[in-house]
Amino acid sequence: MNKGSEKTVKYDSKRAHIVLIITFGLYLAVGAAAGKIIGRNHPVPVIIMEQLALIIPAFIWFGLGGKKWDKMVAFRAPENYNIRMAVGVMICVYPLVALINFFTMLFVKNAVENVMPAFLEKGFWVSMLVMAVMPAFDEEFLCRGMLYQSYRKKSVTGGAFLSALLFGLLHLNLNQMPYALFLGFIFALMVEATGTIVTSMLMHFLLNGFNVILNYYLYNTEMYTSDTGADLDLAGLLSDPSLFKEVLIAVIVIIAVFLPLTIVTVYRTFRLNENASWKEKEESDEVLWDDSGGLADNPLIILIVFLIILFNVFCSNSIEFS
């Protein structure tokens, strides 16, 4: 490929990290301003503005340089069989996510459930838009699109983990961070296997959408209570031998059944795409990927340190990502 060609776009992880820093700064500024002007008692418009802030810097960057954003973030239509595999992976992953969420709730409150009623009272479709549709597009565009695509030429495994780590830290709370880290890694592997972030967008939407449907159903029944997101009683769990034994057995069964199923399904997705037609299109994409050096750079280190500081300050107060 001719590096001087006008059709060629240069892209690397350092540029992606700089855009991410700008994005996160805008995200915090928009959230703070909207929270003061509109008020946190009206979370729907605040969250919508925050979600839009996640993609504005990247789209401006892509637009100003005339960059082929769809190729740079691997935004292409998935094959039908990859859609089926994505659904299968999410079915396998969901019990594991629920298990991780259960363990974090032994120490902290459920961050999503604490604010879910504020969205549900606005109606089903508003809840689905704010909690499922927008996060699935915005967060995947940012983390599995702009970030992971800038890493994968250097290291698929390292890039999957780093994009997942940033995805987890960006949640800024201890409840969501562990399962976001796990999900982020699975999402990145599925993007690598299928060649498109539409796959992870679909998986993200299915996970969040199912939670919205479940909570909306409970919200309209007597089963929904205001303390749904309260801490689990760790002391009570440990002091009751029979209860502890039942929980331990359930944990072992979930891990023993669904973790291997997840691994096998992801592996099967890679195998199905060994000779996929989208790989030829990817090779013809006129994007010059800079695969020199490692994954870490100064902007990344600065961002991670800043996120860790914010994480320690706000870990019990926010649901920054969904």
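In the block above lies the structure referred to throughout.
Residues numbered from 1 in each chain as written. Predicted model: local features only at pLDDT ≥ 70, side-chain atom pairs only at ≥ 80, totals over all residues. Heavy atoms only, no water.

Attention now moves to helix α7 (residues 124-151). Where α7 bends most, the angle comes to about 40°, and this point is P135. Burial of α7 is extensive: 22 of the 28 residues sit out of reach of the surface. (Bend = angle between axes of the 7 residues up to and from the residue. Helix = DSSP H or I, 4+ residues; strand = E, 2+ residues; numbered from the N terminus. Buried < 20%, exposed > 50% of the residue type's maximum accessible area, 1.4 Å probe, protein only.)

Let's shift gears to the packing of aromatic side chains. For the structure on display, the rule yields 14 aromatic pairs. On the basis of an interplanar angle of 85° and a centroid distance of 5.0 Å, the ring pair of Y94 and F210 is categorised as edge-to-face. In this pair, Y94 is assigned in helix α5 (residues 80-104) and F210 in helix α10 (residues 197-219), connecting sequence segments 116 residues apart. Looking at F210, the relative accessible area reads 42%, which means it is partly exposed. Note on F137 and F141: the rings are 5.9 Å apart at their centroids and 25° apart in plane angle, and the pair reads as stacked. You can see F137 and its partner F141 sitting in helix α7, 4 residues apart, about one turn around the helix. A relative accessible area of 26% means that F137 is categorised as partly exposed. Classification of F141 by relative accessible area gives buried; the value is 0%. Following the ring pairs from residue to residue traces out a cluster consisting of F59, W61, F62, W69, F75, F137 and F141. Lying over the aromatic face of F167, R144 brings its terminal NZ or CZ to 4.3 Å of the ring centre. (Phe/Tyr/Trp six-rings, centres within 6.5 Å; stacked < 30°, edge-to-face > 60°. Lys NZ or Arg CZ within 6 Å of the ring centre and 35° of its normal.)

A surface patch of nonpolar side chains, about 400 Å² in accessible area, is lined by L52, I56, I60 and L64. If you tally residues by element for the nonpolar patch, the top one is helix α3 (residues 56-64), at 3 residues. Of note, L52 is situated in helix α2 (residues 43-53). When its relative accessible area of 40% is taken as the criterion, L52 is described as partly exposed. (Patch = residues over 30% accessible without salt bridge, like charges linked within 9 Å, V, L, I, M, F, W, Y side chains within 5 Å. Areas by Shrake-Rupley, 256 points an atom, 1.4 Å probe, with all protein chains shown as cover. Salt bridge = Lys/Arg side-chain N within 4 Å of Asp/Glu carboxyl O.)

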